[in-house]
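So you can see what is in the structure, the chains are spelled out below.
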Amino acid sequence: CTEYPQEQLFDTVWKSAQAFAFLALVLGGGGTIFAWCSTCFVFSRVTWRWTGYELILASICQGLVYLWFQTQMCSWNTCSMSYGAKSDLLAVTLWFVSGIMVLCRYPMPLR
């Protein structure tokens, strides 16, 4: 383990990556809960479309988490993609695909 200097550890890029990770969690989680609730409730087309936008925005925010590789710590240290970064790529892909699927298909209400 290496101790990092506190003055260089949390630069603006690091904080931005953390903020985008939080936004991706909130948007993606909210979109997922909303899609799950659609199994019991009927939502309008406009509301359904906004859910798709929310999931695509979660994908964009999840992708912007990769700003972390531009931190000062990576400038003087070797940073590479590990298991977490690879699973983040999968999350970006799944959020985007689910957002596109929600935009393309509106579930018809049963009568």
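For the structure, see preceding data.
**Observations regarding the environment of leucine 27**
Position of leucine 27 relative to the elements: it lies in helix H2 (residues 12–37). Classification of leucine 27 as buried rests on a relative accessible area of 18%. Once the C-alpha coordinates of leucine 27 and tryptophan 95 are considered, the two residues, 68 residues apart in sequence, prove to be 9.9 Å apart.

**Topic: the packing of helix H3 (residues 45–64) against helix H5 (residues 83–104)**
Packed helices, taken two at a time, are described by their axes: the angle between them and the distance between them. Interhelical geometry of H3 versus H5 gives an angle of 160° and a closest axis separation of 8 Å. Looking at the two axes, H3 sits roughly antiparallel to H5. In this structure, H3 crosses over H5, and the sense of that crossing is left-handed. Contact residues: H3 offers Trp48, Arg49, Thr51, Gly52, Tyr53, Leu55, Ile56, Ala58, Ser59, Gln62 and Gly63, while H5 offers Asp88, Ala91, Val92, Trp95, Phe96, Ser98, Gly99, Ile100, Val102 and Leu103. For the contact of H3 with H5, the class distribution of residues is 12 nonpolar, 7 polar and 2 charged.

**Let's talk about the state of the cysteines**
Within the structure shown, the criterion is met by 1 disulfide. Across the disulfide, cysteine 74 is cross-linked to cysteine 79 (sulfur-sulfur distance 2.0 Å). Looking down the S-S bond of the cysteine 74 and cysteine 79 bridge, the torsion is -100°, so its handedness is left-handed. Given a relative accessible area of 28%, cysteine 79 falls into the partly exposed group. The structure places no disulfide on cysteine 40, whose sulfur is separated from the nearest cysteine sulfur, that of cysteine 37, by 7.1 Å.

**Quick look at the nonpolar core**
Core analysis: the largest hydrophobic core is formed by 10 residues, namely Ala24, Leu27, Phe34, Trp48, Leu55, Ala58, Cys61, Trp95, Val102 and Tyr106. Only H2, H3 and H5 provide two or more residues apiece to this core. Top contributing element to this core by residue count: H3, with 4 residues. Once you skip the residues sitting within four places of it in the chain, leucine 27 turns out to touch Glu54, Leu57, Ala58 and Cys61.

Rules behind the numbers
- In this numbering scheme, every chain counts its residues from 1 along its sequence in written order.
- In keeping with the model being predicted, local features are shown solely for residues with a pLDDT of at least 70 and side-chain atom pairs are shown and tallied solely at 80 or more, while totals for entire chains, interfaces and linings include all residues.
- Excluding hydrogens and water, the side-chain figures rest on all heavy atoms present in the structure.
- A helix here means a DSSP run of H or I that spans at least four residues, while a strand means a run of E at least two residues long, and both kinds are numbered starting from the N terminus.
- Only protein chains enter the calculation, and the probe is 1.4 Å; a residue is then buried if its accessible area is under 20% of its type maximum, exposed if over 50%, and partly exposed in between.
- Orientation is described by lines fitted to C-alpha atoms, with helices fitted over the stretch in contact, and by angles between N-to-C directions that extend from 0 to 180 degrees.
- For classification purposes, angles smaller than 35 degrees are called roughly parallel, those larger than 145 roughly antiparallel, those between 65 and 115 roughly perpendicular, and all remaining angles oblique.
- Take the far helix as the reference: if the near one is turned anticlockwise from it by less than a right angle, the crossing is left-handed, and if turned clockwise, right-handed.
- Contacts are assigned to residue pairs with any non-hydrogen atoms lying within 4.5 Å of each other.
- Residues are grouped as follows: Ala, Val, Leu, Ile, Met, Phe, Trp, Tyr, Cys and Pro are nonpolar; Asp, Glu, Lys and Arg are charged; all remaining types, including Gly, are polar.
- In this description, a disulfide is simply a cysteine sulfur pair whose atoms lie within 2.5 Å.
- Think of a nonpolar core as a cluster: buried Ala, Val, Leu, Ile, Met, Phe, Trp, Tyr and Cys residues, connected wherever their side-chain atoms sit within 4.5 Å.

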